[in-house]
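# Structural features, examined
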Amino acid sequence: MTLPQELEQKFSEIIGKYPPEYKKSALVPLLLYSQDALGKITPELVNEVARRVGVFPLQVEEVLTYYSMLHFPKPMGKYHVQICTNVSCQLTGGPELWELACKRLGLGHKEVSADGLISLEEVECIGACSWAPAIQINYDFHHFVTPEKLDELLDNLRQLQ
Amino acid sequence: MADLVKLTIDGIPVEAAPGSLLIEVARRIGKEIPAFCYYDGFSQVAACRMCLVEIEGIPKLMTACTQPVGEGMVVRTETPKLAEARKGTLEFLLTNHPLDCPVCDKGGECELQDMVFRYGASESRYVEIKHHHDEQQWSPVVYFDPARCILCYRCVRVCSEGMGVNALGVVQRGAYAEIAPNHTDHLECDECGACIDICPVGALTSDTYRYQTRPWEMNHVGTICTHCSNGCKTTLGVRNDQIIRGNNRDRSGINGEFLCVKGRYAFDFNESEERLTTPMIRKGGKLEPASWSDAVRFVAGKLKQLKEAGRQIGVVGSGRVTNEESYYLQKFARQVLGTNSIDHERSGDVVTLLDALAGRANALATVDDLYRAKAVLVIGSDLAHQHPLLHWQIRANWRHHAAHTYSVTAGPVREDQHTVAAIRAAEGAEMNALEQLRDKLSAESELAIVFGDSVKGEAVRQLVSFGDSLGIPVKYVCLVDYVNSRGAMDMGIIPELLPGYQSAAAAGLPVGLTLPQMLANEHLGALWVVNADPLRNTRLAAKEAFVIVQDLFLTATAQQADVLLPSASLYEKLGTVTNVCGEVQRLTKAAQTMGAKADLEIIGLIAKELGMASQMGPWITDKVFAEMQQVVAGYNVPLPVIATGGAAQTLPPAVKIGVETDPALIRSARDTQFTSGTLGSYSKKLDSLLESPGSLYQGENVLALATQ
Amino acid sequence: MLFNEPSPLETKVLTRRFGLPNSDTVDSFLANEGFAAFRKAVTMTPEAIIDEVKKSNLRGRGGAGFPTGMKWGFVPRNSPKPKYIVVNADESEPGTCKDRLLMQYDPLQLIEGMMISALAVGAKRGYIYIRGEYRYLIDIMDRAIADAYAKGWLGQNIQGTGFDFDVFTHTGAGAYECGEESALLESLEGKRGVPRIRPPFPAVAGLWRCPTVLNNVETFASVPSILLMGGEAWANLGSPRNGGTRLFCISGHVNKPGVYELPMGFNLMRMINEVAGGMKGGRHLKAVIPGGSSCPILKAEECDIAMDFDALKAVNSMLGSGGVVVMDETTDMVKVALRIMRFYQHESCGWCIPCREGTLWLKKILTRVEAGMGQRNDPALLHELANNMLGRTFCPLGDAAAMPTISIVEKFRDEFDDYIRRSPMASVAEAETEVPVGV
Ligand SMILES: Cc1cc2nc3c(=O)[nH]c(=O)nc-3n(C[C@H](O)[C@H](O)[C@H](O)COP(=O)(O)O)c2cc1C
Ligand code: SF4
Ligand code: FES
């Protein structure tokens, strides 16, 4: 499998962080950065990553299905909206934001819009408790999110397309 | 050795080597600490939390499966608190278990059932919905029912650690974690079935045994697997003369619980509808059924007539019959028929090795030695595929004792996962390549050398001198093909040698024909083939020769028979066989096929018909064995050892054999796990697995171990 | 821009550089006492460094509060294997969001702490394991690392001292369990985040089975100031046996939620009322989770307490990771218990039976109760099942799931009963249990 130039570069950079005999360490980072770059993790990618770090594809799958940010086999949308409802956010309106997002987007937990643009996930604590309720869209944090702010964010996503 | 540690377990004072695990030490004194995930010989996982014990001075309950003994430790393994904890854990375990014991194969042998019985966690307070997953078929033999799985990871470990195959893994996490096969929805592996047997519950089941019976409805007969030369003990589950299951869960025998795909599944040839059950006599060019007495009378008459006419009679023995049968056959050939033309398909140069080692004690490795030797060298064989038990032993040796492994082979082999040095050398070129290892090998404290059929004749002598030159104790294994290939050699099923490696020439016997010579001899009067198929790809030159065949099946050779005598399989016989390491083991009769007779009995009946019964002696295995003990050098093995299911190794002859055999006659059939000469081809189960890997030197599972 | 206004009550030690411009550059760092502690450490013997850390009474900020100096002392000095420094920046304990700030506002302080630790144990290489969600922090750390290499503060022969040290970031990908130290190491080795059997502990056999110092971000970040101030002075900032300051993450129903650096032993009520601006809307305090969601909950009347490891242990709770979650009278404790259990169930790695099955069962019962289908015996069952997990799991996640449940059921039993009283299942259960024997 040939990878885009930039991802290929990222691969060498990541694998270079570990002693050659332990390049298996690169497994999770390789998968996550591939998912970011390619939008999804495919069986071909699994085989490719297995080959790069010298393990069996099953060993990649074991790891892949363990981590909740790695989505396989079903990919998430281009914009992945993650709403925290864990305890600090729960106390400050997280669940209400979740309801709102579900309604606004017509999506449920880990569902993707038909055009593949937006997906929604109710996530566990994202480390923003003191600035709750918090959400993440892809890797961007949004703090002290109000229903109005959420509306605005979701509107922006549609326009970004 | 370090001083023993003193501790008390349930008030009983015990001593144990430092570092021993509490669970093992407790077992030794009869305290069975419950455990699902603990399995001796494999890595610790401490996942099931059943083995918790109380240790004085430690407030937390500790897992006996990971806790090493400590001086003065006071341990309790059964207290109300522990019973409560175990009951609680069982209750958790049962929440998502389907509780389908009545239809589960494991019912009656299930460790979960036993545990629930013991701790009384039979009442369920769980009223929520269970999550359900459908059963999956992973291979023609392996089924997986995820709902029954308790995630003890035994299967994963036996596959990766024990077999080196790594075909099973764990996917997803938390309550949804599941065992998964290496190819998304199916397995590509050795199909050894070890995962099924090691499963404490009925999550992994085998196609051969599923829904067949209940364990208590079977007889459990311990005997020796009939397929390859490794000689694994197998416990056959038999109901109404039908073999339903093969395993070795009681770990008796040289193989412990190990069995390969053939041992575990390829017993179904025994009840193949193609089994011969009636003697046949060729009439008007066609084989017609006959009674045993007619057939035996016909054979005897013909043999007598040909002998009197001074015609050459060729006898072909095999590595698939017992020692007693081989011994009796050669005796009959040489003493009754007066022919020394007796041979079999030779698969390893045992003769040269024994000649080179004559007079030495401790020069032949046992199966157990391969588990204990500090270093092992494998030459010219892909053991994982050809000699699965030996591979298992060597791997276990590396795992448990960090043994050094070396391989000199024509292609990648599974030992490469852990070899100190792996050298690629074409067949026949191994001896030259060996020099590269000299320095490393001489630095070892001892060595076991296992070599295949590409090392033969002069090369065997070179190998032994090489071994001698290392200046360390060296033991050898000469690889041979079939369950009693070694025994056939020992019993003199070759024209050059009498039983026990006595020179036939020195005993005044005429020069006999070798197998290729018999087949090529246009003047041959008769060819008598006992459980072999020499005509599968050769034509018999003597077109008029009278052909007698004893076999289970209508093989290519059998099709050319003038008289066909149905013989019993090894699972239907008594007697002994000698494995690749020269270890003698005893068979137990497990089943019976109506119409077929043991080869020993067939030969006996022919002898009787010829009026030679008293000269031949009774065709009773124990009587023949007693005679062998007297006559066959090396076979004076203690009967009690083998009668109780043990293995006794024969020694090399005391003096040089002094007889040259032609190395060209030696050629292994190169069978793999998924093929096995004649018998395997009649196993439907093995046949269904042929798609799976198993060709030699593919190294399909060989990956850098750096990743472990 | 800072996340929240600082409070005048703060003792700014670790956070003193927060808000400075270009904080991820060596130049800015050097201009503000940066690497001064390292300069000092290179002149000290490894024993002296460890001694200073011991004197500081620094206790691990990741949750367990293990004395850091002692931990470093366990690293076998003469092991022939390479030694590693691993930073736990997995920060996933609900209620905790401090390591984020330490990396965002002062990445080089963390690196300096790692370097000092490396000097103390003889390590040459360090990894920072950062939870995957914190991608922007990985970028910040990478920038700071690159700058440090460029200016000769990482790599070979650092500043001519003869000390070599390499640092790399490593990303997680969503797994709370990977914050547990041995699971983190497994994860860092490219495996599933399943914990290891201990002993051996990481100090002896950690990353790639080599001796490893593994500490929380805040723990490492505390080290430079310890060396600068001297262990004893640093210890005196806090309470007895609980040295220094720590970053408390106050969240929930307060007017000024935020992360504040306060001395160890700071009173919880003062924290709520004076530092965090008091209860929102003037409502009454009902309960506080004092150190992240795995800590047993405190009722309002238990909250007049010094926030240090020992004081909280004395009331059967824990200081944990410093996540102070404040709840007012409107809080529905059944919902809180359910949400917490949903978290642990989701994050259980699945390795061991009591946690894997226990968290799922508890979640199902709580879900049912919250949905109005509770049975009379459910609170007792929850309590008993959680107790059946406690102390019996493979790693502390099982305990972390059990403890809050036990404490919430014990302290707010009436709220569960209220739910159940309204449940149609309650009467069913009652009828069943109350049929007199023999009728
Ligand atoms: C389930 C679980 C999750 C944990 N998560 C974290 C975490 O996210 N960050 C952290 O620093 N420590 C976490 N810990 C604690 C670590 O195991 C370890 O004790 C700590 O990183 C050691 O560093 P310290 O001594 O500096 O606290 C967790 C522990 C457990 C049992
Ligand atoms: S307690 Fe057991 S299942 Fe839970 S996270 Fe730890 S090891 Fe995994
Ligand atoms: S609880 Fe939502 S970010 Fe922590």
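The model shown is predicted, which means the values in this text are computed figures rather than measured ones.

Take the overall build of chain B next. The helix and strand inventory of chain B stands at 24 helices and 30 strands. Over its C-alpha atoms chain B spans a radius of gyration of 27 Å, differing by no more than 12% from the 27 Å that the globule rule assigns to 708 residues. Looking at chain B residue by residue over its 708 residues, the buried ones come to 64%. Of all intrachain contacts in chain B linking residues separated by at least 6 positions in sequence, the fraction that spans at least 24 positions is 69%. Within the structure as shown, chain B displays about 25,700 Å² of accessible surface, and the carbon and sulfur contribution to it stands at 51%. Mean positive and mean negative side-chain charge positions of chain B (67 and 82 charges, respectively) differ by 3 Å.

A few words on the pairing of strand β19 (residues 404–409) of chain B. Residues and elements named next belong to chain B. Of all the 6 residues making up β19, 5 are buried; the element is thus mostly covered by neighbouring parts of the structure. In this sheet, β19 lies alongside strand β18 (residues 375–379) in parallel orientation, the contact comprising 5 bridges. Residue Val378 lies in a different strand from β19, and its bridge partner there is Ser407. The pairing of β19 with strand β20 (residues 421–424) spans 4 bridges and is parallel. Bridge pairing links Tyr406 to Ala421 in β20.

A few words now on the pattern of salt bridges. A complete count under the given rule lists 87 salt bridges over all chains for this structure. In this structure, Asp190 of chain B and Arg414 of chain B form a salt bridge, with 2.8 Å as the shortest nitrogen-oxygen distance. Separated by 224 residues along the polypeptide, Asp190 of chain B in the loop between β9 (178–181) and α5 (194–198) and Arg414 of chain B in the loop between β19 and β20 bring together distant segments of the chain. A residue is classified by how much of its surface remains accessible, and Arg414 of chain B, at 3% relative accessible area, is buried. Close ionic contact of Arg198 of chain C with Glu180 of chain C constitutes a salt bridge, the shortest N to O distance being 2.8 Å. One end of the pair, Arg198 of chain C, is in the loop between α8 (181–188) and β4 (212–216); the other, Glu180 of chain C, is in the loop between β3 (166–171) and α8, with 18 residues separating them in the sequence. Residue Arg198 of chain C is classed as partly exposed on the basis of its relative accessible area of 27%. Looking at Glu180 of chain C, the relative accessible area reads 13%, which means it is buried. Residues joined in a network through salt bridges with shared partners are Glu8, Glu48, Arg51 and Arg52 of chain A.

Once the domains are mapped, chain A shows domain 1 (5–66) and domain 2 (79–160). Computed over C-alpha atoms, the centres of domain 1 of chain A and domain 2 of chain A are 28 Å apart.

Time to look at the packing of aromatic side chains. All names here are of chain B. Under the definition given, this model contains 31 aromatic pairs over all chains. Measuring from centroid to centroid gives 5.9 Å for Tyr39 and Phe42, while their planes differ by 20°, and the two rings are stacked. You'll find Tyr39 and Phe42 in the same group, each marked buried. With a centroid separation of 5.1 Å and 35° between ring planes, the pair formed by Phe258 and Trp392 is classed as tilted.

What follows deals with the interface of chain B and chain C. On the chain C side, the residues contacting the 35 residues of chain B number 32 residues. Interface of chain B and chain C: buried area, both sides summed, is about 3,000 Å²; carbon and sulfur atoms make up 55% of it. On the chain B side of the interface with chain C, the three residues burying the most area are Phe92, Arg125 and Arg173 of chain B, jointly 26% of the side's total. Residue Glu384 of chain C is joined to Arg125 of chain B by a salt bridge in which the shortest nitrogen-to-oxygen separation is 2.9 Å. Counting across the chain B and chain C interface gives 19 residue pairs in polar contact (both at pLDDT 80 or more). For the side of chain B that touches chain C, the secondary-structure elements that each account for two or more residues are α2 (80–95) and β8 (168–171) of chain B. For the side of chain B that touches chain C, the leading source of residues is α2 of chain B, giving 8 residues. When grouped by side-chain class, the residues that make up the side of chain B that touches chain C number 19 nonpolar, 9 polar and 7 charged.

For the rest of this paragraph, the subject is the site of ligand 2. The environment of ligand 2 is formed by 13 residues, the closest being Cys349, Trp351, Cys352, Cys355 and Cys395 of chain C. Grouping the amino acids of the shell around ligand 2 by side-chain chemistry returns 8 nonpolar, 4 polar and 1 charged.

With that out of the way, let us pick up the site of ligand 1. All names here are of chain C. Taken together, 20 residues are adjacent to ligand 1, and Gly62, Asn88, Asn215, Asn216 and Thr219 come closest. One nitrogen or oxygen atom from the side chain of Asn215 is found 2.8 Å from an oxygen atom belonging to ligand 1. A distance of 2.6 Å separates an oxygen atom of ligand 1 from a polar side-chain atom of Asn216. Contact with the protein chains hides 91% of the accessible area of ligand 1, taken as 610 Å² for the molecule alone. Elements with a minimum of two residues in the shell around ligand 1: β4 and α16 (396–411). No other element matches the 3 residues that β4 contributes to the shell around ligand 1. A class-by-class count of the residues in the shell around ligand 1 yields 4 nonpolar, 9 polar and 7 charged.

A few words now on the sheet that holds strand β6 (residues 136–137) of chain B. Sheets are built from strands that pair by backbone hydrogen bonding, the pairs being arranged parallel or antiparallel. Residue and element names in this part refer to chain B. Pairing within the open sheet is antiparallel, and its 3 strands lie in the order β6-β7-β10. Across the chains shown, the open sheet's two edge strands, defined by having one partner strand only, are β6 and β10 (204–206). Of the strand pairs in this sheet, strand β7 (residues 142–144) and β10 are connected by 3 bridges, and their pairing is antiparallel. Note on β10: the bridge partner recorded for Tyr143 is Thr205.

All names here are of chain C. Together, Phe66, Met70 and Phe74 line one region of the surface with nonpolar side chains, adding up to about 290 Å² of accessible area. Tracing the backbone shows Met70 in helix α4 (residues 68–73). Under the relative-accessibility criterion, Met70 is labelled partly exposed at 39%.

What follows covers α8 of chain C. All names here are of chain C. Summarising burial for α8: 8 of the 8 residues are buried, a large majority. Here α8 has its buried residues at Glu181, Ser182, Ala183, Leu184, Leu185, Glu186, Ser187 and Leu188. In the core, the buried residues of α8 are packed alongside α4, β1 (84–89), β2 (125–130), β3 and β4.

All names here are of chain C. Taken in spatial order, the 5 strands of this open sheet run β6-β5-β11-β8-β9, and their pairing is mixed. This sheet does not close on itself; its edge strands, each paired only once, are β6 (258–263) and β9 (298–299). Sheet topology places strand β5 (residues 245–252) next to β6; 6 bridges connect them, and they run antiparallel. By the bridge assignment, Cys249 is partnered in β6 with Val259.

The next subject is the interface of chain C and chain A. The interface is formed by 62 residues belonging to chain C together with 42 residues belonging to chain A. Between chain C and chain A, a total of about 4,200 Å² is buried, with carbon and sulfur atoms accounting for 57% of that surface. Viewed at the interface, chain A and chain C are joined by 3 salt bridges. A salt bridge links Glu122 of chain A to Arg342 of chain C; the shortest N-O distance between them is 2.9 Å. The tally of links from chain C across to chain A stands at 29 residue pairs in polar contact (both at pLDDT 80 or more). Top element by residues in the side of chain C that touches chain A is helix α13 (residues 333–347) of chain C. It accounts for 8 residues. Residues belonging to the side of chain C that touches chain A are distributed by class as follows: 28 nonpolar, 20 polar and 14 charged.

About the criteria used
- Residues numbered from 1 in each chain as written.
- Chains lettered and ligands numbered in written order.
- Predicted model: local features only at pLDDT ≥ 70, side-chain atom pairs only at ≥ 80, totals over all residues.
- Heavy atoms only, no water.
- Helix = DSSP H or I, 4+ residues; strand = E, 2+ residues; numbered from the N terminus.
- Rg over C-alpha atoms; globule rule 2.2 N^0.38 Å.
- Buried < 20%, exposed > 50% of the residue type's maximum accessible area, 1.4 Å probe, protein only.
- Contact = heavy atoms within 4.5 Å.
- Areas by Shrake-Rupley, 256 points an atom, 1.4 Å probe, with all protein chains shown as cover.
- Lys, Arg positive; Asp, Glu negative; His and termini not counted.
- Charge placed at Lys NZ, Arg CZ, Asp CG, Glu CD.
- Pairing = 2+ DSSP bridges.
- Salt bridge = Lys/Arg side-chain N within 4 Å of Asp/Glu carboxyl O.
- Domains from an automatic or database assignment.
- Phe/Tyr/Trp six-rings, centres within 6.5 Å; stacked < 30°, edge-to-face > 60°.
- Buried area = accessible area lost by both parts, 1.4 Å probe.
- Polar contact = N/O pair within 3.5 Å; in protein donor to acceptor, adjacent residues only side chain to side chain.
- Nonpolar A, V, L, I, M, F, W, Y, C, P; charged D, E, K, R; others polar.
- Near = heavy atom within 4 Å.
- Patch = residues over 30% accessible without salt bridge, like charges linked within 9 Å, V, L, I, M, F, W, Y side chains within 5 Å.

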